[in-house]
Amino acid sequence: MAEATYDRKEQLKQIESGLLEGENVIAVYDAIGVGTGFIGLTNRRVIIQDKSFVGKKFAITSIPYSKVTSVSVVSNASWAGSFFGSSTIAVNVGTHSYEVEFRGDHKAHHVHNVILFYIS
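A brief look at the structure comes next. Please read all numbers here as calculations on a predicted model, not as lab measurements.

1. Structural notes on the sheet that holds strand S4 (residues 45-50)
Taken in spatial order, the five strands line up as S1-S2-S3-S4-S5 in an open sheet, and their pairing is mixed. The outermost strands of the open sheet, each flanked by one partner alone, are strand S1 (5-6) and strand S5 (59-64). Bridge count for strand S2 (residues 25-30) against strand S3 (residues 36-42) is five bridges, and the pairing is antiparallel. The partner of Tyr29 across the bridge, within S3, is Ile39. Packed onto the sheet, helix H1 (residues 9-16) meets S1, S2, S3, S4 and S5 and runs at close to 135 degrees relative to S2. Packing against the sheet, helix H2 (residues 105-119) makes contact with S2, S3 and S4, and its axis sits at approximately 145 degrees to S2.

And the structure:
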């Protein structure tokens, strides 16, 4: 089993504390922007910490790969260049979309490819 990639040790520990039997962490990346705290990827699901609730409440949302309908690279109108010129991805589950913005486009690239691997 490969060592998990992560930005912050406390986020990795939070994901590890809720793992199911036989589940392994692939990566945990800190998110920037309003609402999202981090995204975690395991061999079974996507885990998103959502901080957009009123007060100091937050949710940890688990999305089995079987429920992910698509994963998108999100860009602004001025984007031109490589496929991963953006550091934002959207994970689509039915009609709901979870947008996650990262520091650095390599994280968006990694998250996109891991999710795509598990949903295809």
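More follows now that the structure is in view.
2. A look at the nonpolar core
Formed by 20 residues in total, the largest nonpolar core has its most connected members in Ile39, Val46, Ile89, Phe102, Val111 and Ile115. Taken together, the elements giving at least two residues each to this core come down to S2, S3, S4, strand S7 (88-93), strand S8 (96-101) and H2. When sequence neighbours within four positions are dropped, the list of residues in contact with Ile115 reads Leu41, Val46, Tyr65, Val68, Val71, Ile89 and Val91. Membership of the second largest hydrophobic core comes to seven residues, among which are Ala4, Ile15, Val25 and Ile47.

3. Notes on H1
Turning to H1, its buried residues are Gln11, Leu12 and Ile15. The buried residues of H1 occupy one face: seen down the axis, they fall within an arc of 100 degrees. Turning to H1, the residues buried within the fold contact S1, S2, S3 and S4.

4. Topic: the packing of aromatic side chains
Counted according to the given criterion, the structure contains three aromatic pairs. With a centroid separation of 6.1 Å and 80 degrees between ring planes, the pair formed by Tyr29 and Phe102 is classed as edge-to-face. Placement of Tyr29 in strand S2 and of Phe102 in the loop between S8 and H2 is noted, with a sequence separation of 73 residues between them. Like Tyr29, the residue Phe102 is buried in the burial classification. Taking 5.1 Å as the distance between ring centres and 90 degrees as the angle between the ring planes, the aromatic pair formed by Phe117 and Tyr118 counts as edge-to-face. Its relative accessible area of 31% is what places Tyr118 among the partly exposed residues. Here the aromatic residues Tyr65, Phe117 and Tyr118 are joined through ring pairs into a cluster of three or more.

Parameters at a glance
Residues numbered from 1 in each chain as written. Predicted model: local features only at pLDDT ≥ 70, side-chain atom pairs only at ≥ 80, totals over all residues. Heavy atoms only, no water. Pairing = 2+ DSSP bridges. Helix = DSSP H or I, 4+ residues; strand = E, 2+ residues; numbered from the N terminus. Contact = heavy atoms within 4.5 Å. Axes fitted to C-alpha atoms, helices over the stretch in contact; angles between N-to-C directions. Core = buried A, V, L, I, M, F, W, Y, C linked by side-chain atoms within 4.5 Å. Buried < 20%, exposed > 50% of the residue type's maximum accessible area, 1.4 Å probe, protein only. Arc of directions from axis to C-beta. Phe/Tyr/Trp six-rings, centres within 6.5 Å; stacked < 30°, edge-to-face > 60°.

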